[in-house]
Amino acid sequence: MKATAARRWTGALRSPLGITAAVLLAAVVLLAVVAPLIWSGRADAVQSAEILQGPSSAHPVGTDLLGRDILARVLVATRLSVGLALLATAIGVTAGLLLGTANVLLGRWIGRWVGTLINIAVAFPSLLLALFFAVIFGVGAKGAVLAIGFATAPGFARLTQTMAATVSGRDFIAAARVAGIGRMRILVRHVLPNIAEPLIVSATMAAGSALLAFASLSFLGLGVQAPSYDWGRLLGEGLAQIYVHPAGALAAGVAVVLAAMAFNLSGEAVARAIGLRSAQTGRRTEHTYEPPPADPEPDGPDQPLLAVENLHVTFPAAGGPVTPVRGVSLSVRRGEAIGIVGESGSGKSLTALAIAQLIEHPGRVRAERLEFLGTDLREKADHRRLLGTSLSMVFQDPMTSLNPTQRVGRQLAEVVREHQGADRRTAWRRAVDRLAAVRIPSAERRAKQLPHEFSGGMRQRAMIGMGVMANPQLIIADEPTTALDVTVQRQVLQLIANIRAAERVGLLFISHDVTVVGQVCERVLVMYAGRIVEDLPTDALLHDARHPYTRALVAAVPDMTTDRNAPLAVIPGRPPDPHDLPAGCPYAPRCLLATDRCRREDPALTTYAIGRRVACWHADQAPAAIPDNRTTVPDDDKTDDPIAAPLGGERP
Amino acid sequence: MRELTFEDVTVRFGSRRSGTVAVDGVDLVVPAGRIVGLVGESGSGKSTLARAAVGLAPLAAGRILLDGQPITGLRTRPLQMIFQDPYSALDPRMSIGASIAEAMPRGTGDKRAEVGRLLELVGLAADRAGARPDELSGGQRQRVALARALSGKPEVIVADEITSALDVSIQGAVLNAVRDLQRRMRLTMLFISHNLAVVRYVSDIVAVMRQGRIVEYGPVDEVLLDPQHEYTRELLAAVPRPGVPLGT
Ligand SMILES: Nc1ncnc2c1ncn2[C@@H]1O[C@H](COP(=O)(O)OP(=O)(O)OP(=O)(O)O)[C@@H](O)[C@H]1O
Ligand code: SF4
Ligand SMILES: [Mg+2]
């Protein structure tokens, strides 16, 4: 962790932006320290003979009204200008931190009042605030420092407050409170470290702004007073002579700009270094290993709705491209319901997105065959219309797929208006009709509501209603019920099943929940590390799966018949990192049956019976080696009681 | 071993007039050394009840007792909570060892050794103490959260949907760890989950919550085999079972 942080910083320093920022900042600091020591004599030497001279070898940017060397004065002024700006920033940052963390330190009630205060203060333009303070604290450097400091504070406080609030909302803060850790310790140990980096960035940027603001105040005569001088004052003095000799006036201006840039660029560079956190900086060896091609499914008597062969999805990454989907082949026929199950990150969603042509740049989709309703989706044509009317996607979180500012009915109507050119009246009527079809009560009234007025389950049903507005042939549902309660989940699943049965729609149903998939689908595809490792009918899932992973996955799910006295089956280890896939079977490190061959050669997905494919060298041994945790219900024990029947194994 | 009792507990959010009542006069007993599973639909008030127990949500009425003593009177609460989201439960800037050590009561002798012992207890290697949360999988993080909860030497643990963000392959390991520890340390536990199969597996007693109230309470087998309340029946019927037709 330390090492990666160090790498991050050296990486940032090596970028052109980082180098520029570092050089500028170093120069400014160096000048602030040494310039007064070296040039102050020269800067203060009044030479009445050389008043208001233009640039010459003795005075590179000329002299001022008293014949003093302007360049020397600009250089010497670095210390005061930068010093005052930093002082003002320090005041602003401290005040901002105190105000911004009031919520954490003093409790919610006081925090809310402070928040209101901050909100009012932020609304004031900061220069106006500075002028206001300058009037209160009096004209002079002290007043200006305080003025700029307090003008910086509200913005900083606001930033601190929002970030602290985000961090405070997280469970580890709640856990610390439950453990009896005091507020001050929570602030110092948990809150500040988690918001420090962006705060440092914005403090650096604030220093840049303070420098400019200070220059403006001095320029206006509200800042540093004679005989002291900073860049703002030099700029003011120079401006009077701008027509006589412009170089003298511009020198201080250039200094202000360069120094402000030094601060702002440094802030920018630090921000980028922080932003880089998630990207991989280390170079990985590129691993373009190709799994053996899977047996495609034989086309049935009628043409499949969807045919996919050897689908790949690739993303560029710092250490070489990663391919989270590697050679998926599947087909869906009219009216068929196919489930895809697998752990998080196995590539389920990406497969669905690739089929719907929703993978965005820089992701790349490659396939040997990608046909929907006989149209080759790989061709560079506009498939929007075909996909828009014949394919519908239902996502896990309906809130993100519905426009929060538009009435639900109107969003549904939009679909047919866009794709079928229906007029407004017809479209609205159909929208209401579809909402009723997905069992939204009093659909006429509900259609006029906004998405947030719907409950989660209703929103999901509305999404499905939207999906069937244009009579789709295929519905792809990606975890459509994961966010829902069991009772609502059941309603949504029933809805999907009914639509499918009534309209002979194909269904590709993605879920991490083996049980749900088993209930909705006829066939299940099990995905692991970007590939399909088993393809089997649902009724074989519980007791007759052949892939060790499928069996382990099924055994790991407790259901209403699991033996409560035995420990649950677990799958040791975790799925492989898509950046770093092992050479042989990707499941080998976790597999009970793994042999040397498994670690060397990757098994292809092969057909071993009608409608059944598996990718495993030892599939025949799996059923004996990995027992299922399910008690089979004997046939004669089946009752009509829907509750007692599945619990049959439990009864005495 | 302590008994946790909720007595007519009400929690209200917002103002008295326009606010919502999240928990509405709940009476619930978690007997000493037992696991009570709390089920119910989202928004029924399960998490709010849990947060009230550990002092994260203020009570509008009622009392929470530990062995008959009002919990607010106790100087240190022998109560810990484990949260739902493994990705937000640990401070990303702290090593997991430091996170675990933080909750230890003052005067704990060798904190390093104790951290190692707790990590081993939840099935992680003791030498992972220096690891940062982002080096761990969701299931491993949840086990660290469990170790942190145990480090406070609690007698009562409140676990709120601790496996719902996990993959099933990992869920099993976490549930095994929970059950194993509860039995060995004779902990009292309130286990919240919307997953009936999970609740059935870990709990001795089930409480069913709906709209802020407990509608059914009883030993797991009785409630699941012979539910009395209409809503419990509805919940049970909705549990997905492969191969069982959905109905229309
Ligand atoms: N835009 C992207 N850029 C780079 N990698 C990505 C991108 N989207 C997904 N991935 C990676 O691809 C892999 C598969 O992702 P995918 O979303 O398909 O998983 P999933 O099986 O749907 O998982 P979950 O069950 O969590 O939804 C993951 O390792 C993920 O990190
Ligand atoms: S090929 Fe070998 S390692 Fe892979 S699942 Fe089959 S037995 Fe296990
Ligand atoms: Mg997904």
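Rules used in this analysis
- Residues numbered from 1 in each chain as written.
- Chains lettered and ligands numbered in written order.
- Predicted model: local features only at pLDDT ≥ 70, side-chain atom pairs only at ≥ 80, totals over all residues.
- Heavy atoms only, no water.
- Helix = DSSP H or I, 4+ residues; strand = E, 2+ residues; numbered from the N terminus.
- Buried < 20%, exposed > 50% of the residue type's maximum accessible area, 1.4 Å probe, protein only.
- Domains from an automatic or database assignment.
- Contact = heavy atoms within 4.5 Å.
- Salt bridge = Lys/Arg side-chain N within 4 Å of Asp/Glu carboxyl O.
- Patch = residues over 30% accessible without salt bridge, like charges linked within 9 Å, V, L, I, M, F, W, Y side chains within 5 Å.
- Areas by Shrake-Rupley, 256 points an atom, 1.4 Å probe, with all protein chains shown as cover.
- Lys, Arg positive; Asp, Glu negative; His and termini not counted.
- Charge placed at Lys NZ, Arg CZ, Asp CG, Glu CD.
- Near = heavy atom within 4 Å.
- Polar contact = N/O pair within 3.5 Å; in protein donor to acceptor, adjacent residues only side chain to side chain.
- Nonpolar A, V, L, I, M, F, W, Y, C, P; charged D, E, K, R; others polar.
- Core = buried A, V, L, I, M, F, W, Y, C linked by side-chain atoms within 4.5 Å.
- Pairing = 2+ DSSP bridges.
- Buried area = accessible area lost by both parts, 1.4 Å probe.

Asks: Honestly, the overall build of chain A in this entry has me stumped. Any pointers?
Replies: When helices and strands are tallied, chain A shows 24 helices and 13 strands. Evaluated residue by residue, chain A yields a buried proportion of 50% over its 652 residues.

Asks: In this structure, what is going on with the domain arrangement of chain A? I would like to understand it.
Replies: When the parts come together, some accessible area is lost, and that loss is often what is quoted as the size of the interface. Residue and element names in this part refer to chain A. The domain boundaries assigned to chain A delineate domain 1 (2–274), domain 2 (306–390 + 472–637) and domain 3 (403–467). Its C-alpha centre places domain 2 at a distance of 31 Å from the equivalent point of domain 3. Taken together, the contacts link 15 residues of domain 2 with 12 residues of domain 3. Counting across the domain 2 and domain 3 interface gives 1 salt bridge.

Asks: Could you clarify how one ought to interpret a positive patch on the surface in this entry?
Replies: A surface patch of like charges, here positive, comprises A:R108, A:R112, A:R177 and A:R183. Examined against the element boundaries, A:R108 turns out to sit in helix α5 (residues 108–123).

Asks: Any chance you could explain the site of ligand 1 here in plain terms?
Replies: Residues and elements named next belong to chain A. By nearness alone, every residue bordering ligand 1 is listed as F315, P324, E343, S344, G345, S346, G347, K348, S349, L350, E479 and P578. A distance of 3.0 Å is found between an oxygen atom of ligand 1 and a backbone nitrogen or oxygen belonging to G347. Contacts to ligand 1 include K348, whose side-chain N or O atom sits 2.7 Å from an oxygen atom. When the free accessible area of ligand 1 is taken as 640 Å², the share hidden by the protein chains comes to 60%. Examining the composition of the shell around ligand 1, we find that 3 residues originate from one element, helix α12 (residues 348–355), more than from any other. Residue composition of the shell around ligand 1, grouped by class: 4 nonpolar, 5 polar and 3 charged.

Asks: How should I be thinking about unusual backbone geometry in this particular structure?
Replies: Among all residues except glycine, the phi angle is most often negative; among peptide bonds, the trans geometry is most common. Cis geometry is adopted by the peptide bond preceding A:P362, which originates at A:H361 and carries an omega value of 5°. Structurally, the position occupied by A:P362 is in the loop between α12 and β4 (364–366). The phi dihedral of A:A529 is positive, around 50°, even though this residue is not glycine. Tracing the backbone shows A:A529 in the loop between β10 (523–528) and β11 (531–537). Positive phi, close to 50°, is recorded for B:D8, a residue that is not glycine. With respect to the helices and strands, the residue B:D8 is situated in strand β1 (residues 4–13).

Asks: Explain the nonpolar core to me, please; I cannot follow it from the model alone.
Replies: One recurring pattern in soluble globular proteins is that nonpolar side chains are buried together. A:L435, A:I464, A:F509, A:Y549 and A:Y587 are the most contacted members of the largest nonpolar core, which has 69 residues in total. Of the residues forming this core, the biggest block, 6 residues, is contributed by helix α19 (residues 486–503) of chain A. Two domains each donate at least three residues to this core, and these are domain 2 (306–390 + 472–637) and domain 3 (403–467) of chain A. With residues up to four places along the chain from it excluded, the contact list for A:I464 reads A:V394, A:V438, A:V492, A:L495, A:I496 and A:I499. Counting 53 residues, the second largest nonpolar core, distinct from the first, contains B:I82, B:V144, B:L146 and B:I162.

Asks: Explanation requested: the pairing of strand β9 (residues 205–210) of chain B in the structure shown.
Replies: Residues and elements named next belong to chain B. Most of β9 sits out of view: 5 of its 6 residues are buried. With 4 bridges connecting them, strand β3 (residues 35–39) and β9 associate as parallel partners. Opposite V39, over in β9, you have V208 as the bridge partner. As defined by bridge partners, β9 adjoins strand β10 (residues 213–219) across 6 bridges and the pair is classed as antiparallel. Bridging from a neighbouring strand, V206 pairs with G218 of β10. Here β9 folds back onto β10, and the loop between the two strands holds 2 residues, one of which, Q211, carries a positive phi near 45°.

Asks: Quick question: what am I supposed to make of the environment of A:I338 here?
Replies: Residue and element names in this part refer to chain A. In this structure, I338 sits in strand β3 (residues 337–341). Judged by its relative accessible area of 0%, I338 falls in the buried class. For I338 and F509, which are 171 residues apart along the polypeptide, the C-alpha to C-alpha distance reads 6.0 Å. If we ignore the near neighbours within four places in the chain, the residues touching I338 are S331, V332, L507, L508, F509, C521, R523 and L525.

Asks: How should I be thinking about the domain arrangement of chain B in this particular structure?
Replies: Residue and element names in this part refer to chain B. Split into domains, chain B comes out as domain 1 (1–78 + 156–167 + 178–238) and domain 2 (93–153). Relative to domain 2, the C-alpha centre of domain 1 lies at a distance of 26 Å. In this assembly, 8 residues from domain 1 lie in contact with 8 residues from domain 2. Around 670 Å² of area is buried between domain 1 and domain 2 when both sides are counted, 79% of it from carbon and sulfur atoms. Seen at the junction of domain 1 and domain 2, the total is 0 salt bridges. Tallied by class, residues from the side of domain 1 that touches domain 2 come to 7 nonpolar, no polar and 1 charged.

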